[in-house]
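Examining the three-dimensional arrangement
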Amino acid sequence: MEVFESIKSLQQSLSAIGQNLTIGLVPTMGALHEGHLSIVRKAQGETDRVIVSIFVNPTQFDKKEDLVNYPNTLDADLEVLKSIGCDYVFTPNIQEVYQGKTRSESFDFKGLDQVMEGKFRTGHFDGVATIVKKLFNITKPDKAYFGEKDFQQLLIIKKMVALEFIPIDIVSVGIYREDDGLAMSSRNTRLSQEQRLAAPEIYQTLLKSKKLFQNGDLAKVKSFVKNEFIQNTELNLEYYEIADSETLKSAKEILADRKYRAFIAVFADKVRLIDNIALN
Ligand code: AMP
């Protein structure tokens with residue numbers, strides 16, 4: 001496994017890869033867990049060489065505190081990537097990527113960024129798309145892999161490559177969960193023991209809401225979820241939304257030919273956790 005901090009040295013090494021071999025890119029912010037590794041494994045199964053990028057992107061954080069407290073476990077990350085046979089790791093610093101201009105580009109995501117994560121985290125998706133576009137330009141992969149854990153982000157990236165005519169296949173990977181159902185996240189390490197014990201309620205509530213959704217009463221589903229969290233002393237609900245899986249528009253009624261998903265964001269004190277589930 002080769003590890004690069006500079007764009008130039010990474011590109012030099014990538015240029016030695018044969019033209020007939022395919023490259024898969026897995027962008028991450030590090031503090032790797034099994035969820036990330038499941039993505040790397042999928043990329044390894046589908047492409048000849050896999051690059052994992054590890055970069056905590058400042059422009060996608062709306063709260064400085066979240067950025068400052070973002071876990072950094074670089075040595076352990078490199079060790080585990082090596083152990084699963086990753087080919088290349090790209091770990092640039094901010095200067096290398098932003099060249100002194102740590103600002104987001106502005107994108108028109110046709111409304112995909114106006115709801116949920118985009119509504120509650122100002123500028124978040126412009127920051128995400130800015131760094132992903134840079135990583136695409138730097139590494140020029142054939143395929144790039146993103147987790148459904150960040151389902152809205154996945155749609156935003158698909159929109160970005162369509163708008164910018166970027167010839168890269170965007171591949172989605174299902175949500176990887178702990179045994180108790182909690183979606184794996186780098187932020188889980190910041191949970192206290194009590195918060196960690198309470199956190200599986202997020203997925204449990206999503207599952208219950210999926211069941212209730214079958215009755216077709218959206219208002220009832222939403223008020224059920226609200227109530228579940230009012231009774232929970234460790235977790236505060238930020239939003240629960242039922243949205244169209246393609247447009248992310250909030251569902252007003254259930255149409256037989258559309259797919260819907262439930263999305264949730266919850267605070268355990270200052271730690272923000274998100275999850276989602278397909279409803280039909
Ligand atoms: P992050 O390091 O949190 O920016 O995540 C890097 C990539 O891993 C993103 O595409 C995430 O959606 C994905 N990811 C994070 N956690 C999970 C998980 N539990 N299951 C599947 N994908 C995940």
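Residues numbered from 1 in each chain as written. Predicted model: local features only at pLDDT ≥ 70, side-chain atom pairs only at ≥ 80, totals over all residues. Heavy atoms only, no water.

So, the site of the ligand
Taken together, 16 residues lie near the ligand, and His36, Gly147, Asp150, Tyr176 and Met184 sit nearest. In the model, an oxygen atom of the ligand is placed 2.6 Å from a nitrogen or oxygen of the aspartate 150 side chain. Here methionine 184 contributes a backbone N or O atom positioned 2.8 Å from a nitrogen atom of the ligand. When the free accessible area of the ligand is taken as 480 Å², the share hidden by the protein chains comes to 93%. Residue assignment for the shell around the ligand shows that the elements contributing at least two residues are strand 2 (23–28), helix 2 (34–46) and strand 5 (143–147). (Near = heavy atom within 4 Å. Polar contact = N/O pair within 3.5 Å; in protein donor to acceptor, adjacent residues only side chain to side chain. Areas by Shrake-Rupley, 256 points an atom, 1.4 Å probe, with all protein chains shown as cover. Helix = DSSP H or I, 4+ residues; strand = E, 2+ residues; numbered from the N terminus.)

What about the domain arrangement of the chain?
Under the domain assignment, the chain is made up of domain 1 (2–173) and domain 2 (186–278). Taking the mean C-alpha position of each, domain 1 and domain 2 sit 26 Å from one another. At the boundary of domain 1 with domain 2, total buried surface from both sides reaches about 1800 Å², with 55% on carbon and sulfur atoms. Of all residues in domain 1, Met116, Phe120 and Phe151 bury the most surface against domain 2, accounting for 31% of the area lost on that side. (Domains from an automatic or database assignment. Buried area = accessible area lost by both parts, 1.4 Å probe.)

Focus on the packing of helix 7 (residues 124–139) against helix 8 (residues 151–163)
The contact between helix 7 and helix 8 brings their axes to 10 Å, and the two run at 55 degrees. Between helix 7 and helix 8, the interaxial angle falls into the category oblique. Remark: the crossing between helix 7 and helix 8 carries right-handed chirality. Every residue of helix 8 that contacts helix 7 at Phe125, Val128, Ala129, Val132, Lys133 and Phe136 is listed here: Gln152, Gln153, Ile156, Ile157, Met160 and Val161. Of the residues contributing to the contact of helix 7 with helix 8, the split by class is nine nonpolar, two polar and one charged. (Axes fitted to C-alpha atoms, helices over the stretch in contact; angles between N-to-C directions. Parallel < 35°, antiparallel > 145°, perpendicular 65-115°, else oblique. Left-handed = near helix turned anticlockwise from the far one by under 90°. Contact = heavy atoms within 4.5 Å. Nonpolar A, V, L, I, M, F, W, Y, C, P; charged D, E, K, R; others polar.)

Focus: the packing of helix 10 (residues 201–213) against helix 11 (residues 218–230)
Direction vectors running N to C along helix 10 and helix 11 enclose 160 degrees, while the axes themselves pass 9 Å from each other. Considered as vectors, helix 10 and helix 11 are oriented roughly antiparallel to each other. Here the hand of the crossing between helix 10 and helix 11 comes out right-handed. Contact with helix 10, carried on its side by Glu201, Ile202, Thr205, Lys208, Ser209, Leu212 and Phe213, involves Leu218, Val221, Phe224, Val225, Glu228 and Phe229 of helix 11 and no other residues of that element. Class assignment for the residues of the contact of helix 10 with helix 11 results in eight nonpolar, two polar and three charged.

Considering empty space enclosed by the protein
A complete count under the given rule lists two cavities of 30 Å³ or more for this structure. Within this model, the largest cavity holds a volume of roughly 850 Å³. As for the largest cavity, its lining consists of 48 residues, and the residues nearest its centre are Met29, His36, Lys149, Asp150 and Gln153. Elements that contribute at least two residues to the lining of the largest cavity include exactly strand 2, helix 2, helix 7, strand 5, helix 8, strand 8 (260–268) and strand 9 (271–278). The biggest single contributor to the lining of the largest cavity is helix 7, with six residues. Here the residues of the lining of the largest cavity are counted per class, giving 24 nonpolar, 16 polar and eight charged. Looking at which domains feed residues into the lining of the largest cavity, each of domain 1 (2–173) and domain 2 (186–278) gives three or more. (1 Å grid on protein atoms, 1.4 Å probe; cavity = no way out; pocket = protein on both sides within 12 Å on 5 of 7 lines; lining within 4 Å. Points joined across faces, edges and corners; volume = space filled by probe spheres on them.)

Description of helix 11
For helix 11, with 13 residues, the first-to-last C-alpha span of 19 Å sits near the 18 Å given by 1.5 Å per residue. Those residues of helix 11 that fall on the buried side of the exposure criterion are Leu218, Val221, Val225, Glu228 and Phe229. Buried residues of helix 11, viewed axially, fall in a sector of 90 degrees; they line one side. Seen from the open side of helix 11, the exposed residues pointing more than 90 degrees away from its buried face are Ala219, Lys220, Lys226 and Ile230. By the N-cap criterion, in which a side-chain oxygen at the helix start approaches the backbone nitrogen of a residue two or three places on, helix 11 is capped by aspartate 217, the distance to alanine 219 being 3.3 Å. (Expected span 1.5 Å × (residues − 1). Buried < 20%, exposed > 50% of the residue type's maximum accessible area, 1.4 Å probe, protein only. Arc of directions from axis to C-beta.)

Notes on the packing of aromatic side chains
A full pass over the atoms with the stated rule returns eight aromatic pairs. Judged by centre distance (5.9 Å) and plane angle (55 degrees), the rings of phenylalanine 151 and phenylalanine 263 are tilted. Taken together, the positions of phenylalanine 151 in helix 8 and phenylalanine 263 in strand 8 put the pair 112 residues apart, joining distant regions of the chain. According to the relative accessible area criterion, phenylalanine 151 is buried, its value standing at 9%. (Phe/Tyr/Trp six-rings, centres within 6.5 Å; stacked < 30°, edge-to-face > 60°.)

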